[in-house]
Amino acid sequence: MRSVRAPTREGTATLVNGVHPHGSDADPAAHGASDVRLTLPARPENVAVVRHVLGAFAEALMLPDPVIEDMRLAVTEACTNVVRPAYADGEPGRVEILIRPQGDTWQVVVADEGRGLGPSNDSSGPGLGLPLIAALAHSLEIEPAGQAGSRLRMSFLREPRLE
């Protein structure tokens with residue numbers, strides 16, 4: 001397995017070639033793509049970084065534009081959930097993103113180690129982020145991430161859905 005870990009100004013980005021969907025080494029040519037892992041401070045300006053990396057990766061693998069746009073919007077909403085309510089005021093935190101092409105779907109995981117999902121302190125009611133993500137993604141799973149935090153696991157079909 002070949003891994004390229006690039007420190008960024010605020011976190012790390014890792015491109016992992018030939019990772020089998022279940023974590024074991026495999027022939028990169030058999031999958032035709034690579035995983036991308038990002039670990040960044042959970043700050044508003046990094047939501048744009050994640051969106052741009054995801055878009056560039058999807059464009060490089062020639063996904064259709066409607067799929068790319070759905071992925072960008074869903075991941076933006078998921079990352080915004082981490083940046084806004086996941087960490088208490090001033091508490092340092094990070095957001096971790098995994099992008100994994102897997103056959104005819106794309107898996108995207110957004111995780112944090114904050115307080116998990118719940119209403120935001122700056123919101124008067126439930127947000128529209130999770131329903132929007134569920135509408136855009138082929139599937140959405142929400143689970144606890146270890147001792148604290150949340151993990152949103154989204155999948156997107158390589159070809160857009162016909163309505």
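Below or above, wherever it landed, is the structure these notes cover. Not measured: the values here are computed from a predicted model.

Conventions used here
- Sequence order as written defines residue numbering, which begins from 1 separately in each chain.
- Residues qualify for local features only when their pLDDT is at least 70, as the model is predicted, and side-chain atom pairs are given and counted only at 80 or more; totals for whole chains, interfaces and linings, by contrast, use all residues.
- Each side-chain value is derived from all of the structure's non-hydrogen atoms; neither hydrogens nor water enter the calculation.
- Helix and strand assignments follow DSSP, with helices taken as H or I runs no shorter than four residues and strands as E runs no shorter than two, numbered in order from the N terminus.
- Per-residue accessibility, obtained with a 1.4 Å probe over protein chains only, is compared with the maximum for each type, and a residue is labelled buried under 20%, exposed over 50%, and partly exposed between these values.
- The criterion used for residue contact is that any of the two residues' heavy atoms lie within 4.5 Å.
- Only the protein chains shown count as cover for residues, and the accessible areas themselves come from Shrake-Rupley with a 1.4 Å probe.
- Salt bridge, as used here, is a side-chain nitrogen of Lys or Arg placed within 4 Å of a carboxyl oxygen of Asp or Glu.
- Think of it as the arc spanned by the lines of direction from the helix axis to the C-beta atoms.

What the protein contains, in helices and strands, is 4 helices and 7 strands. Ordered by position in the sequence, the α and β elements of the protein form the string β-β-α-β-α-α-β-β-α-β-β. Classification of the 163 residues of the protein by burial places 41% in the buried group. Partitioning the contacts of the protein with sequence separation of at least 6, the portion at a separation of at least 24 is 59%. Summed over its atoms, the accessible surface of the protein is roughly 9000 Å², and 54% of this surface lies on carbon and sulfur atoms.

This part is about the pattern of salt bridges. Under the definition given, this model contains 8 salt bridges. Its salt-bridge partner being R94, residue E113 comes within 3.1 Å of it at the nearest N-O pair. Taken together, the residues span a long stretch of sequence, with E113 in the loop between β5 (105-112) and α4 (129-136) and R94 in strand β4 (residues 94-102) at a distance of 19 residues. Residue classification places E113 among the partly exposed positions, given a relative accessible area of 46%. A salt bridge links R153 to E143, with the shortest nitrogen-to-oxygen separation between them at 2.9 Å. Note that R153 is positioned in strand β7 (residues 150-157) and E143 in strand β6 (residues 139-144), a separation of 10 residues in sequence. Note on E143: relative accessible area 22%, which makes it partly exposed. Connected through shared salt-bridge partners, E59, E69 and R72 make up one network.

We now examine α4. Within α4 the residues assigned to the buried category are G129, I133 and L136. Buried residues along α4 cover an arc of 70° about the axis, so they all sit on one side.

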